[in-house]
Amino acid sequence: MQVTLKLFASLTPFLPAGAERNAAQIEVADGTTILSLLDSYNVPREHCHLVMLNGVYHAPEARGSVPVSDGDHLAVWPPVAGG
Amino acid sequence: MGWTGKILRIDLTNGTVNTEALNMEWADKYLGQRGLASKYLVEEVDPKADPLGPENKLIMATGPLTGTCASTGGRYSVITKGPLTGAIACSNSGGYFGAELKFAGWDMVIFEGQSPKPVYVTIFDDDVQIRDAGGLWGKSVWEADKKIKSDHQDQMIHVAAIGVAGENEVLYSCIVNDLHRAAGRSGVGAVMGNKNLKAVAVRGTGGVKVKDFKTFMDATNAGKKVLKDNAVTGQGLPAFGTQVLMNVINEAGAMPTRNGKDVQFESANDISAEAMAEPRRSDGKPNLLTNQACFGCTIACGRISKIDETHYTVQNKPEYWHASGGLEYEAAWALGSATGIKDLEGLTYVNFICNEQGLDPITFGATVGAAMELYETGVIDDKITGGIELKFGSSEALVKCVELTGKAEGFGKELGLGSKRLTEKYGKPELSMTVKGQEFPAYDPRGIQGMGLTYATSNRGACHLRGYTVASEILGIPEKTDPLETDGKPGLVKAFQDATAAVDSSGLCVFTTFAWTLEDIAPQVDAAVEGNWTVDKMLEVGERIWNMERIFNNKAGFTAADDNLPERLLKDAAKTGPAKGLVAGLDKMLPEYYDLRGWTQEGVPTNETLERLAV
């Protein structure tokens, strides 16, 4: 199934080749969780501060059990702020 | 200590300058800057006064930590009755002007009356003079800054000035200091223009003494370490600035887009922090040159950019080829998402013009967004816009608008009224995205529920900086709460509002609170000034300030009916994103908020509350 992986700010370099700006279309297997997907791209867990699946935040303790589905958008940021 | 103990009172009507002692009893109850200057204002200005009349006063005020080596200790605020809203206005700015005012030996400057002719004021330590501004009137902020420094042969002078927008009393004109830092909101620049005061130029050669030097150094050094070690203030903000929020807020489905018709902007990434840092196709250089810090700041979140010289906005204008401030998130949102424009270079140019002419880019961009909706729905046409094809997404239209608004020419004169008056004029007040007459910024309350209550109850009209619950609801600072939930938000909003009022009165930047709590701030204040400044006292002072501002507004004529949101946010559900199907749940939060505040359900502080806080 296809998922859009978006990595922002200092996490952008962890995107696979072929990514456009901050997003890449990737193929993932059934049963893939947020955590296993990010691990497979070597995104450092300690830098995954804001993790949004389809815009909804998921806390660190939930990321290992929340599966991703076909067509999902997974967006991740390190600690950032503004205003 | 911490204080110079002196304030300047400048009567522009009579051209007199007087000094007086700072009211230390008030300083103990209201701290400084926002709180203390607001106390002076409410004591001296009739809440029903015309904001654009000689009876209004304009106060430039520092905090006790302004000019010290506390990190970010360079802030000052402008307090007045705001012409955009009719409410009390307090606009906070960084840069170097505030610290320089303290170095010159002054905690606060109160401008009264109205000069019969354009003037500017020089404050060179104890030498304070009202000078003829005939040679400055009509000039931009940038030109005025340059000319003042040149005329006085001193490049170390720091200038706070209005541009032509303030001279023309554009209702959301701002006061710009150090070229691109601004007391931006609520139209404080129009008050300055109404007083015929073009600029305040400051040069100070003194320092700031603190109560207990060793304790102060220990407290400020500890604070700096916290900022450095925190991933947000130590890495995220300096590297990416506030603009990193563009994609965050868009992903969360809380990006007000095309005058709030949508909550996600399909081109957000084109105008984001990441886009600013990316090499351009045209010249291979990024829009962003570097970051920049205000006085004493160890975060350095400011953006310094340079426009592509081949871009249509500047290709024949080499005067705009230099580096300057921006884009910051709120400006990028208002000029971009609120108007549906994805032209990063164009937005940077418009932001430059806002700084040069002294316009609040939030209200300007949001007003153009409202005007675009009026145009696209056929309410106004080319005849009214003067031929500007005012369609969402048109960079060219936005550029024409900004070039007209500060000068109050053509359709720009109508844009200068702000969206409330503009949409009322054309019979469509529901298209104004305002609270108490001021445009809300870059967070849609349908997707961040707490911000709806923040906007509705903000004492200066819709504003994010009166209680930035985005920190908790989206960013997880200090702890994560659900942005789509209304439960618990009244308490969260109140806590943010009170703490922010205290920080705004200290001389520090509110951005420190991404890492600091009042546990970090109170010891720094306490080591600088007398008064046993504990966390509890800071919170009490913050709550007292909030109530004082509220009472002023109530006396000015505001009621609970003004604690409201634009109809669109309350009736039109979000179409996309996590908030799809949701409206702003203000009605679920406001009654509890009043209870927590110790106010009646009519939004009036009870006698018990007033006695408890000794307002």
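This one's a predicted model, so the numbers in the text were calculated from it and none came from an experiment.

**Observations regarding the interface of chain B and chain A**
Many structure descriptions define interface size as the accessible area lost when the parts assemble. Across the boundary between the two partners, chain B contributes 28 residues, which contact 21 residues of chain A. A buried area of about 2,000 Å², summed over both sides, lies between chain B and chain A, and 64% of it is on carbon and sulfur atoms. Counting across the interface, chain B meets chain A through three salt bridges. In this structure, the salt-bridge partner of Asp270(B) is Arg21(A), at a minimum N-O distance of 2.9 Å. Taken together, the connections running from chain B to chain A amount to eight residue pairs in polar contact (both at pLDDT 80 or more). At the level of secondary structure, the elements contributing two or more residues to the side of chain B that touches chain A comprise α8 (231-240), α9 (245-251) and α10 (273-276) of chain B. Among the elements that take part in the side of chain B that touches chain A, α8(B) stands out by supplying five residues, more than any other.

**Observations concerning the sheet that holds strand β3 (residues 50-53) of chain A**
Reading across from one edge, β2-β1-β5-β3-β4 (chain A) is the order of the five strands in this open sheet, with mixed pairing throughout. With partners counted over all chains shown, the strands left at the sheet margins are β2 (23-27) and β4 (56-57) of chain A, one partner each.

**Comments concerning the domain arrangement of chain B**
Residues and elements named next belong to chain B. You can read the domains of chain B as domain 1 (6-203), domain 2 (241-438) and domain 3 (448-514 + 534-613). Taken over C-alpha atoms, the centre of domain 1 sits 27 Å from the centre of domain 3. The partner domain 3 presents 30 residues to the 36 residues of domain 1 that form the contact. Carbon and sulfur atoms make up 59% of the surface buried where domain 1 meets domain 3, a total of about 2,600 Å² over both sides. When the area that domain 1 buries against domain 3 is broken down by residue, the three leading residues are Arg34, Pro47 and Ile88, summing to 27%. Taken together, domain 1 and domain 3 are joined by three salt bridges. Where Glu549 meets Arg34, a salt bridge forms, and the shortest distance between an N and an O atom there is 2.8 Å. For the side of domain 1 that touches domain 3, the leading source of residues is helix α2 (residues 33-44), giving seven residues. Residue classes in the side of domain 1 that touches domain 3 are distributed as twelve nonpolar, 16 polar and eight charged.

**Considerations on the side chain of Arg460(B)**
Residue and element names in this part refer to chain B. Along the polypeptide, Arg460 turns up in the loop between α18 (449-457) and α19 (470-473). There is no salt bridge for the buried Arg460, and the closest opposite charge comes from Asp504, which lies 7.4 Å off by N-O distance. Ignoring any residue separated from it by four or fewer positions in sequence, one finds Arg460 in contact with Thr85, Ile88, Cys90, Ser91, Arg185, Ser186, Gln438, Leu465 and Arg466.

Criteria and cut-off values
Residues numbered from 1 in each chain as written. Chains lettered and ligands numbered in written order. Predicted model: local features only at pLDDT ≥ 70, side-chain atom pairs only at ≥ 80, totals over all residues. Heavy atoms only, no water. Contact = heavy atoms within 4.5 Å. Buried area = accessible area lost by both parts, 1.4 Å probe. Salt bridge = Lys/Arg side-chain N within 4 Å of Asp/Glu carboxyl O. Polar contact = N/O pair within 3.5 Å; in protein donor to acceptor, adjacent residues only side chain to side chain. Helix = DSSP H or I, 4+ residues; strand = E, 2+ residues; numbered from the N terminus. Pairing = 2+ DSSP bridges. Domains from an automatic or database assignment. Nonpolar A, V, L, I, M, F, W, Y, C, P; charged D, E, K, R; others polar. Buried < 20%, exposed > 50% of the residue type's maximum accessible area, 1.4 Å probe, protein only. Lys, Arg positive; Asp, Glu negative; His and termini not counted.

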